[in-house]
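# Per-entry structural report
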Amino acid sequence: MAAVSVPPSETAASKGETASEALLDVSVLKELARKALIDALNSVNGAKTLVLDPSLAGPLGLVTEVALLKHHGVDKMFWLEPGPLSATSTNIVYFCRPLIKWIKIIADQIKRHNRESQKHTYTLFLVPRTSTLVTRILEEEGVLGDVTISSYNLQFIPLADDVISLENDNAFKEIWVDGDETVIYDAMQALVTLERLHGLFPRIVGKGDYAARLASLLSKNTHQGPSNSPADNLLNAPSETMDSLIILDRRVDMISPLLTQLTYEGLIDELIGIKNSHVELPVSLVTPPAAPGQGESSSAAAASSSTPSATALTKEKKRKHHLTTTTDPLLPELQDLNFSAVGKKLNQVARRLDEDYKLRHQATTVAQLRDFVGKLGGLQSEHQSLRLHTGLSEMLVPMTRTEEFNKSLEIQQNLLALYDTNAQIAAIEDMIAQGADMRIVLRLLCLASVVLGGVRAKSLENIKREILQTYGYNYLPLLLSLAAPPLAVLLPNPLPPNTPAAAADSKYPYGSLRKSLRLLIEDPDPLEELENDISYVYSGFAPISVRLVQCVAQKGGVLSNPALEKDKKGAGGEDGARRASSAPMVQAHPIVGWKGFEDVVASIPGETIDVVQRLPGSQDGSTIPPVSTLSASSPRCVKPGPSDSVILRAVLPRERTTTTVVFFLGGVTYTEIAALRWVSRQNKGRKFLVATTGIINGNSLIDSIAGIGGTTAKEAGL
């Protein structure tokens, strides 16, 4: 993949650095999902009609393609939806999540076929596992004997080299609103698969009540005794590549998803929407222009001028585009930038590409011409990528200049600074009166409640009444869900006497965390361009979830701003960022749990976890020495015993890079991923792998709690 706007010397250095600090290979997870899907389809002989739960089409599209399905006997695909199903093949294969609504639809379709004397063979694959509830419903409907029930164990899907996801859009609602903890068990199974591939997590650190339940399930599952299966050999030994697992449940940091994301990828998700790594874009942006060759006038610098205007783009027909670093050479450079720095970066790339195209005039020998032709494919790929991102940025700019967008940003920043809070509540009421997007209003209201420890009872009642009168009384269940424990993000202050203890205990100590975790960075320099602290992702506010990860894996980053350690005098824009990135990297410290931050972490509602895992089946209760605490230069005295060889295997050279897996239970935002990547770049010897139940933002959270969303198209195209 071509490097973008980086001098050759820096490119070479970064390539050497990434080679020595390789991430875990997550592509094997995609292969596992693909193989399991093929095995499932092959278990049904002959041609088959595939009927898909709409929520599975996106995740399946990330692990397979239509051609592969057709190769394995699928001749027609439909969404699973109410109404008759016209299938021409004998075999009908259903793929769905084990939800009552889907099973009732399947039962109705089978009964309809029986009434019409249509003969079909039905196979139901439940994702990710079977459920006794499904069997009971099918039995009650009288069709259990007609269906063969099996499971398709779809687990982690790689979204990037350092991001894996269960792609369960409703995980947050299921846990915190419905009280359904199934997703916790599914997460445990997916993490065990990771352990089967790479060995046991030496240490599990976490925060939150549901995080504690996941950690407990994970420990029980691996401590049931040594496995005799050759595939499970790694479950009997500590990982040599992973140093720990950090589990954060979403309730521990509700502030970050409620805020407007300000990184490039985060803003695309906020304003346009990214679903299963796909975004709907105007056709002209994703289709390369049919210009004949690369003439004088088609230099890269002209890419932006050849992009249709923002107004024209919004009226165009849309097409799904896969946002991935594997085919988009500019995305790795742009995705984690604060949006204010994207224009400058695109300008630099355009100038560099223009200079690269001009090199053809200097090619006088056959060898030089051959070199240029060799580079041409990469240049054209970057040219199309530049055109795409220039057009995408031009679509975003008008959206970021609306009064609603800027007003909500202003209210957010004032609430985070605890500045004139009464005026912010009044401003939220004004937004309701102006008919602003209901989701933005609710995000601001929940943010005010979390940050202030509740909204004044009288004001809150007035606002709730205004919301129902303005947007409709169908949102009453949504308001009730936001106020009910265990979610409880919309509370009055003071709490009424009859408030459940669970809601009272969930009050968030934002005021004290703001100082102890250095959440607000007040700096005269443009932090979003300098990128000297994780707070650049929200233009001055550090996501609490990532600060908690730093409490475990980069303690120095919590205590002091790296910007203070560098010479900032006259460091503006590119030079400042370059100087920051060229500073020597610090060796990652060993993982020693929450040490040094015990009081801060204890003040946050929810259980605190710090477990050094025992070796499965060990009689003496031997623990696995965390990989990162051992090194060849600091030998440990170990008591000889049956697990001695296992412990010695964990003694690794200090220079070896290990991976810390950070699991977000309930979802993670693109902005938090960007902040974690920043933390990863600061250390030598430690990389982060972000694992999650799904990618979320404030709007998708509100929509899922409200039960909004779904697919209505008839034909299911992956």
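Think of each chain on its own: its residues are numbered from 1, step by step along the sequence as written. Residue-level local features of this predicted model are given only where pLDDT is at least 70; pairs of side-chain atoms are given and counted only at 80 or more, and the full residue set underlies all totals for whole chains, interfaces and linings. Hydrogens and water are ignored here; the side-chain numbers use all heavy atoms of the structure.

This paragraph deals with the confidence of the model for the protein. Model confidence for the protein is summarised by a mean pLDDT of 82, while 77% of its residues fall at 70 or above. Per-residue confidence from the predictor is given as pLDDT, running between 0 and 100. The secondary structure listing takes helices from DSSP runs of H or I that are at least 4 residues long and strands from runs of E that are at least 2 residues long, numbered from the N terminus. Element-level pLDDT for the protein is lowest in helix α29 (residues 644-649), with a mean of 37, against a maximum mean of 97 in helix α10 (residues 255-258). Every residue pair with non-hydrogen atoms within 4.5 Å of one another is taken to be in contact. Low confidence marks residues 566-582, where pLDDT is under 50. Its contacts with residues over four positions away, or in another chain, come to 24 contacts.

A sheet is described by the order of its strands in space; here three strands give the open sequence β10-β11-β12, paired in antiparallel fashion. Looking at strand neighbours, the two that pair on one side only are β10 (274-275) and β12 (318-322), the edges of this open sheet. A pair of strands counts as paired when DSSP detects no fewer than two bridges linking them. As defined by bridge partners, strand β11 (residues 278-282) adjoins β12 across five bridges and the pair is classed as antiparallel. Counterpart to Glu280 in the pairing with β12 is Lys320.

What sets the pattern is the α-helix's 3.6 residues per turn: residues three or four places apart point alike. To estimate how far a helix should extend, the number of its residues minus one is multiplied by 1.5 Å. Its 13 residues place the ends of helix α18 (residues 421-433) 19 Å apart at the C-alpha level, agreeing with the 18 Å of an ideal helix rising 1.5 Å per residue. By the burial criterion, the buried members of α18 are Gln424, Ile425, Ala427, Ile428, Met431 and Ile432. Each buried residue of α18 lies within a common arc of 155 degrees when the element is viewed along its axis, so the set occupies one face. Among the exposed residues of α18, those pointing more than 90 degrees away from its buried face are Asn422 and Ala433. Buried residues along α18 sit in contact with α17 (403-416), α19 (438-452), β13 (455-456) and α20 (457-471). Backbone geometry just after α18 places Gly435 at a positive phi near 75 degrees. Summary of the burial criterion: residues with accessible area below 20% of their type's maximum are buried, those above 50% are exposed, and those between are partly exposed, where the area comes from a 1.4 Å probe applied to protein chains only. An arc is given here, and it is the one of the directions from the helix axis to the C-beta atoms.

Glancing now at the packing of aromatic side chains. Two aromatic rings, drawn from Phe, Tyr or Trp (for Trp, its six-membered ring), form a pair once their centres lie within 6.5 Å of each other, and the interplanar angle then sorts them: stacked below 30 degrees, edge-to-face above 60, tilted otherwise. On inspection of all chains with the given rule, the structure shows seven aromatic pairs. Measuring from centroid to centroid gives 5.0 Å for Phe95 and Phe125, while their planes differ by 20 degrees, and the two rings are stacked. Here Phe95 is found in strand β3 (residues 91-96), whereas its partner Phe125 is found in strand β4 (residues 121-126), with 30 residues between them in sequence. One exposure class covers both Phe95 and Phe125, and it is buried. Here Tyr264 and Phe339 contribute two aromatic rings whose centre-to-centre distance is 6.4 Å and whose plane-to-plane angle is 0 degrees, an arrangement assigned as stacked. On the criterion of sequence distance, the pair formed by Tyr264 in helix α11 (residues 264-271) and Phe339 in the loop between α14 (331-334) and α15 (342-358) is long-range, its members being 75 residues apart. Of the aromatic side chains, those joined through ring pairs into one cluster are Phe95, Phe125 and Tyr152.

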